[in-house]
Amino acid sequence: MSNPLLTRAVHKRPTSVKLTGRILFLTEDPELIRRQLAGEDLPWDTKNPENNPKLRDDISTDEITPAHICFFFDETLGEFPYTGLKCGNELPIKRSDVKKGGFVAAVSGKRRGKGSSREQSPYAELSAGIKLVIAENIERIYKQNCQNLGVLTSTDFGLIDKIRRGEQVPLSVFTQGEDDITRQVIEYGGLFPFNVARLQGKVSIPGIGTGPRPMTVTEKIFARHMITSDGRTGVPAVKPGDAGFARTDLRFSHEYVTPMAAIFYEHFVGKDVPVNDRESIIFFRDHLTFLDEVLSEEKRKMGLLDLATQLKLKQESFAKSQGIKLHGELRDRKGSEGICHSIVAESYALPGQLNVGSDSHTPHVGAVGCIAFGIGTTDVFNSWITKDVRVKVPETVKIVVRGKRRANVTAKDFILKLLAMDYIRSGKALAKVMEYSGEAIEELGVDERATMCNMAAEIGGFTGIVAADQKVVDFLAERRGMKRSDAEKLILGLKSDEGAQYAHVIEMDAAEIYPMVATPGDPGNGKYIRDLNTPVPVEIAYGGTCTAGKNEDMDMYAAVLNDALQQGKHVSPSVQFYIQFGSQETREYCVRKGYLNIFQRAGAKVIEPSCGACINAGPGVSTRPDQIVISAQNRNFPGRSGPGQMYLASPFTVAASAIAGYITEYQPSEQPALAEA
């Protein structure tokens, strides 16, 4: 398998770098950006930063490369970086502006690269000439993607003056504080050349010598999966900061990422070289199934529908040539088998496993008590060669939700409350594990726990996890048909030790939390609905995606709509309400429970599984800037799901608002019986 790589030439970078070119400051003021694109170099006072214009914070990968730009999977991406960047109410950067501007570095504020794991974002920057990104802090997956591609990253704003003076910058500036493996990845100019050097024996992988200690559940799972210096799997213990390679149990990717990874693999490894352990690799066609229903005429003229079809075809051909399982489109009707996270939770993930996926919401399956985290394209491609991924054991934040929640409060309300906290909004939780615990978490079913774990991505966390317990045993027995005795064995010892160390502990009282929304622009803009100053009318209500297309989510939509039918109410004439299943299994669950009848009678439009509106690729997207949407999805970054104003909320709130015509809390009925047909 590795023969083509054993003879490939590979070299380290020089010990210092000179970055020749202009610096692009991504400011909040669109006029300042336009002036830079026109050729002006902004003065920048690195010693007195308070004198400088305000930099944009929270730049998401949706803004660096909007979803439709990711239909490109080659250097054409270099024409599009920052074309979704919103400054004020404007999008000041157009196609090819950055590439034509001669920029070598881009500077922004807090939490750069939040959101999706799409490696197309740093690849677009690299292809446009950007070799360095500077920000106050940088999200984990985005930073790792930059390192994997050879893009330098830093939080040192003093580099601005050095670049402008034309100085050589020691490479050690960019490796300082990094673990030994990350340092070598940077020195070799990316993950693939590093792994080639690794296969050739040119680099050393440090062993983990941590002695026995009380560990969190995450640390225990990592210890089981870390690869020793002599190639064995498993070490006695780990601690935060320990770095190495971890053996994966499952690797998956979807049609947004598989094609680029496949092209890398065929180019650098060879078309006829089999992947490492194809049985533990799964592909999904789940993102773009309904794209043709919402793609604008302008984007069609750009050839984007044809490009999206090429993504599908490339994934299919690579899966066939390699013998890899592909969960694809339905044959008898439009739609997919299901969203990757939904299917992995329902059919694959097991307690104690280590799973990776080409999507930032891979932590979804932490709900069954496993480690699961998102990786970028280069990591995906390299994992096909090695079956492992590089990791640095993260710190853990313990989130304890005590007490009993109100009847109209859900896991989504818990997570929106967390996202609004200063500790999280300021970026202190970045790259850390979110370990959810407490009576209110233990009371949640696995589907609801999945919402908490899924949206660890919005926190910027490494992953989310809930220790496996009897609820997980029930899930595996009832949803998978597993023997309870076998499920019980899997969860043995999968809980944090007494005395385990945490970076931070957050405690909440469930009884003090009320139904919430996140106001447009960011999932961290959380407010109690009761604190909205005026009624907010909505035109579109959307219930679905991996976060809110599960069985328990369908229970919530059905409860609200059933109550409405009993009272003679239906979806408001001013609202289009879409309910989209996360998987065919969930659709079949709704058929068995009689929910389809309730949804249709109440006036909701039911859609087959796909990511859909969540990535601006299906029914439920907005079409006007003034259009107000309430959605149960996980993100409301600018442009994520169309140009409109999106509020995030729970399935209860979304359905209740669809009935009322404005954002409102759901007040449960005392009569839960199904309304008569």
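Residues numbered from 1 in each chain as written. Predicted model: local features only at pLDDT ≥ 70, side-chain atom pairs only at ≥ 80, totals over all residues. Heavy atoms only, no water.

Student: I keep staring at helix 25 (residues 551-566) and nothing clicks. Help me out?
Tutor: Because the α-helix completes a turn every 3.6 residues, residues three or four places apart line up on one side. The end-to-end C-alpha distance of helix 25 is 22 Å, a good match for the 22 Å that 16 residues give at a rise of 1.5 Å each. With twelve of its 16 residues buried, helix 25 lies for the most part within the structure. Within helix 25, burial applies to Asn551, Asp553, Met554, Met556, Tyr557, Ala558, Val560, Leu561, Asn562, Asp563, Ala564 and Leu565. Gly568 occupies a position one or two residues after helix 25 and carries a positive phi of about 75°. (Helix = DSSP H or I, 4+ residues; strand = E, 2+ residues; numbered from the N terminus. Expected span 1.5 Å × (residues − 1). Buried < 20%, exposed > 50% of the residue type's maximum accessible area, 1.4 Å probe, protein only.)

Student: What is the right way to look at the sheet that holds strand 9 (residues 281-284) in this model?
Tutor: Strand-to-strand pairing in sheets goes through backbone hydrogen bonds, with the strands running parallel or antiparallel. Sheet architecture is open: five strands sit in the order 10-9-8-11-12, paired in parallel fashion. The sheet is open, and its two edges are formed by strand 10 (325-327) and strand 12 (371-374), each paired on a single side. Recorded for the sheet is a direction-independent mean angle of 20° between the axes of neighbouring strands. Pairing geometry for strand 11 (residues 354-357) and strand 12, over four bridges, is parallel. Note on strand 12: the bridge partner recorded for Val356 is Phe373. Set on the sheet, helix 16 (residues 377-386) makes contact with strand 8 (250-254) and strand 9; between it and strand 8 the angle comes to about 140°. (Pairing = 2+ DSSP bridges. Axes fitted to C-alpha atoms, helices over the stretch in contact; angles between N-to-C directions. Contact = heavy atoms within 4.5 Å.)

Student: Could you clarify how one ought to interpret empty space enclosed by the protein in this entry?
Tutor: To find leftover empty space, one rolls a probe the size of a water molecule over the atoms. Enumeration over the complete set of coordinates arrives at eight cavities of 30 Å³ or more. When its volume is computed, the largest cavity comes out at roughly 250 Å³. Around the largest cavity, the lining comprises 24 residues; the ones closest to its centre are His254, His287, Asp359, Ile615 and Arg640. Sorting the residues of the lining of the largest cavity by element identifies helix 15 (340-348) and helix 24 (545-548) as the ones contributing at least two each. (1 Å grid on protein atoms, 1.4 Å probe; cavity = no way out; pocket = protein on both sides within 12 Å on 5 of 7 lines; lining within 4 Å. Points joined across faces, edges and corners; volume = space filled by probe spheres on them.)

Student: Looking at this structure, how should I read the environment of Asp74?
Tutor: By the element assignment, Asp74 lies in the loop between helix 3 (61-64) and helix 4 (97-100). Residue Asp74 is classed as partly exposed on the basis of its relative accessible area of 39%. Asp74 sits 53 residues away from Ser127 along the chain, and the two C-alpha atoms are 9.0 Å apart. Within polar-contact distance, the side chain of Asp74 engages the side chain of Thr76 at 2.7 Å. (Polar contact = N/O pair within 3.5 Å; in protein donor to acceptor, adjacent residues only side chain to side chain.)

Student: I keep staring at the environment of His225 and nothing clicks. Help me out?
Tutor: Structurally, His225 is set in helix 11 (residues 217-225). Judged by its relative accessible area of 8%, His225 falls in the buried class. Put simply, His225 and Gln353 are 128 residues apart on the chain and 8.4 Å apart in space, counted from C-alpha to C-alpha. Apart from residues lying up to four places away in sequence, His225 is in contact with Thr233, Gly234, Phe245, Ala246, Arg247, Asp249, Gly352, Gln353 and Leu354.

Student: Which parts of the structure should I look at to understand the pairing of strand 16 (residues 463-466)?
Tutor: In summary, the side chains of a regular strand alternate between the two faces of the sheet. The two faces of strand 16 match: Thr463 and Ile465 on one face and Gly464 and Val466 on the other face are all buried. Sheet topology note: the strand 15 (residues 433-437)/strand 16 ladder contains four bridges and is parallel. By the bridge assignment for strand 16, Tyr436 is matched with Val466.

Student: I keep staring at the layout of surface pockets and nothing clicks. Help me out?
Tutor: Computed from the structure, the second largest pocket encloses a volume of approximately 770 Å³. Contributing to the lining of the second largest pocket are 33 residues, with Arg140, Lys143, Glu178, Lys392 and Ala431 lying nearest its centre. Going through the elements one at a time, helix 6 (140-149), strand 5 (152-154), helix 8 (172-175), helix 9 (180-187) and strand 13 (388-392) are the ones with two or more residues in the lining of the second largest pocket. A class-by-class count of the residues in the lining of the second largest pocket yields 13 nonpolar, eleven polar and nine charged. (Nonpolar A, V, L, I, M, F, W, Y, C, P; charged D, E, K, R; others polar.)

Student: Even after reading the chapter, I still don't get the sheet that holds strand 5, so can you show me in this structure?
Tutor: Ordered by their spatial adjacency, four strands build an open sheet running 2-3-4-5, and the pairing between neighbours is parallel. Edge strands, defined here as strands with exactly one partner in the open sheet, are strand 2 (22-25) and strand 5. Recorded for the sheet is a direction-independent mean angle of 20° between the axes of neighbouring strands. Two strands pair when backbone bridges link them, and strand 2 and strand 3 (residues 103-107) are joined in this way by four bridges, in the parallel orientation. Each bridged residue has a counterpart across the sheet, and for Leu24 the counterpart in strand 3 is Ala106. Here helix 2 (residues 30-37) sits on the sheet and contacts strand 2 and strand 3; the angle it forms with strand 2, its principal contact strand, is near 160°.

Student: What's the story with the packing of aromatic side chains in this structure? I'm lost.
Tutor: Any pair of aromatic rings gets described here by the distance separating the centres and the angle formed by the planes. Under the counting rule described, the total for this entry stands at 24 aromatic pairs. Considering the side-chain rings of Phe318 and Trp384, the 5.1 Å spacing of their centres and the 25° angle between planes classify their relative orientation as stacked. Taken as a pair, Phe318 in helix 14 (residues 304-322) and Trp384 in helix 16 lie far apart in primary sequence, 66 residues in all. Residue Phe318 is classed as buried on the basis of its relative accessible area, which comes to 1%. Under the relative-accessibility criterion, Trp384 is labelled buried at 1%. (Phe/Tyr/Trp six-rings, centres within 6.5 Å; stacked < 30°, edge-to-face > 60°.)

Student: What should I look at first to understand the pattern of salt bridges in this one?
Tutor: Side chains carrying opposite charge are able to pair once their charged atoms draw close together. Under the defined criterion, the tally for this structure stands at 49 salt bridges. In this structure, Glu219 engages Arg213 in a salt bridge whose closest nitrogen and oxygen atoms are separated by 3.0 Å. Across the pair, Arg213 and Glu219 agree in class, each one buried. Salt-bridge contacts for Lys334 lead to Glu293; the nearest nitrogen and oxygen are separated by 3.1 Å. Here the residue Lys334 occupies a position in the loop between strand 10 and helix 15, and Glu293 occupies one in the loop between strand 9 and helix 13 (297-301), the gap between them amounting to 41 residues. Of the residues examined, Lys334 reaches a relative accessible area of 34% and is grouped as partly exposed. (Salt bridge = Lys/Arg side-chain N within 4 Å of Asp/Glu carboxyl O.)

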